[in-house]
Amino acid sequence: MLTAKDIMTTDCITLTPDTDITAAATILLEKKINGAPVLDGDQVVGVLCQSDLIAQQKKVTLPSFFTLLDGVFPLSSHDQLEREMTKIAALKVGDAMTPAPIFVHPNTTIEDVATMMANEKLYTLPVVENDRLVGVVGKEDILKTLVKG
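Residues numbered from 1 in each chain as written. Predicted model: local features only at pLDDT ≥ 70, side-chain atom pairs only at ≥ 80, totals over all residues. Heavy atoms only, no water.

1. Details of the pattern of salt bridges
Heads up, the rule is: Take a side-chain nitrogen of Lys or Arg and a carboxyl oxygen of Asp or Glu: if they are within 4 Å of each other, that pair is a salt bridge. Comment: elements are numbered from the N terminus, with helices defined as DSSP H or I runs of at least four residues and strands as E runs of at least two. When a residue's accessible area, from a 1.4 Å probe over protein chains only, is under 20% of the maximum for its type it is buried; when over 50% it is exposed; and in between it is partly exposed.
Counted by the stated rule, this structure contains one salt bridge. Ionic pairing is found between D42 and R132, a salt bridge with its closest N-O pair at 3.2 Å. Note that D42 is positioned in the loop between β1 (35-40) and β2 (43-49) and R132 in strand β7 (residues 132-138), a separation of 90 residues in sequence. Judged by relative accessible area, D42 falls into the partly exposed class, the value being 43%.

2. Quick look at unusual backbone geometry
Within the chain, A100 stands out as a residue other than glycine whose phi angle is a positive 45°. Relative to the helices and strands, A100 resides in the loop between β5 (98-99) and α6 (110-120). Accessibility expressed as a relative area gives 67% for A100, which makes it exposed. The residue D131 is not glycine, and still its phi comes out positive at about 65°. In this fold, D131 is placed in the loop between β6 (124-129) and β7. By relative accessible area, which is 58% here, D131 ends up exposed.

3. So, the packing of aromatic side chains
Stated formally: Within 6.5 Å between ring centres, the rings of Phe, Tyr and Trp (the latter by its six-membered ring) count as paired, and their orientation is classed by plane angle as stacked under 30 degrees, edge-to-face over 60, tilted in between. In this scheme, Lys NZ or Arg CZ marks a charge over a ring once it lies within 6 Å of the ring centre and within 35 degrees of the ring normal.
Going through the model one piece at a time under the given rule, you end up with zero aromatic pairs. We note K139 situated over the ring of Y123; from NZ or CZ to the ring centre the distance is 5.2 Å.

4. Things to note about the sheet that holds β1
In plain terms, the rule: Only when DSSP finds a minimum of two bridges between them are two strands counted as paired.
Taken together, three strands build an open sheet; the order of strands is β1-β2-β5 and the sheet is antiparallel. Looking at the sheet topology across the chains shown, the edges are occupied by β1 and β5. Judged from the two bridges that link them, β2 and β5 form a sheet pairing that is antiparallel. By the bridge assignment for β5, V47 is matched with T98.

5. Describing helix α2 (residues 21-31)
The condition is simple: Our arc is simply the arc of the directions from the helix axis toward the C-beta atoms. The contact definition used throughout considers only heavy atoms, calling two residues in contact when any of these lie within 4.5 Å. Throughout this description, a polar contact denotes any pair of N or O atoms lying within 3.5 Å of each other; where both atoms belong to protein, one of them has to be capable of donating a hydrogen while the other can accept it, and for residues adjacent in sequence the pair is counted only when both atoms sit in side chains.
Among the residues of α2, I21, A24 and L28 are the ones counted as buried. Down the axis of α2, the sector holding all buried residues measures 65°, keeping them to one side. Opposite the buried face of α2, at more than 90 degrees from it, the exposed residues are T22, L29 and E30. If you follow the buried residues of α2, they end up packed against β1, β2, α3 (50-54) and α5 (93-96). Residue D20 occupies the N-cap position of α2, its side-chain oxygen lying 3.0 Å from the main-chain nitrogen of T22.

6. Some remarks on a nonpolar patch on the surface
Put simply, the test is: In this analysis, a patch consists of residues with relative accessible area above 30% that form no salt bridge, clustered at 9 Å for like charges and at 5 Å for the nonpolar side chains Val, Leu, Ile, Met, Phe, Trp and Tyr. Accessible areas in this description were obtained via Shrake-Rupley with a 1.4 Å probe; residue shielding takes into account the shown protein chains only.
On the surface, L143, L146 and V147 cluster together into a nonpolar patch covering about 350 Å² of accessible area. Relative to the assigned elements, L143 resides in helix α7 (residues 139-148).

7. So, the pairing of β7
Along any regular strand the residues' side chains alternate between the sheet's two faces. Burial analysis of β7 places five of its seven residues in the buried class, the great majority of the element. Across six bridges, β6 lies against β7 in antiparallel orientation. From the neighbouring strand, E129 faces β7, where its bridge partner is R132. Counted between consecutive antiparallel strands, the loop separating β6 from β7 contains two residues, among which N130 sits at a positive phi close to 55°.

8. Considerations on the environment of G94
Looking at where G94 falls in the secondary structure, it is placed in helix α5. Along the primary structure G94 and P17 are separated by 77 residues, whereas in three dimensions their C-alpha atoms are 3.9 Å apart.

This is the structure in structure tokens:
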């Protein structure tokens, strides 16, 4: 049975929280990758994906309100709006990345990796062993296993 270590990329392209957003976008486009782990020293602190960068271009959706007995109540949380605004205004990777990313172990099966990707809509998963980044599995890595049969 194939595992993450069988298909992962070990020559990882990584970013830091202080990397400029424009530089990060350029790296993702030039390397033709969907995302990259964000490292603070040796620790994986986040993942920056193309979807995080696309979020910077979206319209701000103000929370909807409802009125009950002359009181106004928001339907979405203040924290959610604040996170959205931080991501939209991000100048550095640390503000735009998805923090505390889900990661896999080298021995995680391909089926489990694919399930995580599909269920959580994650397409770049850091592979971590002993608290250190050892590789990355992307959606393309999973698709290549289908082609190879």
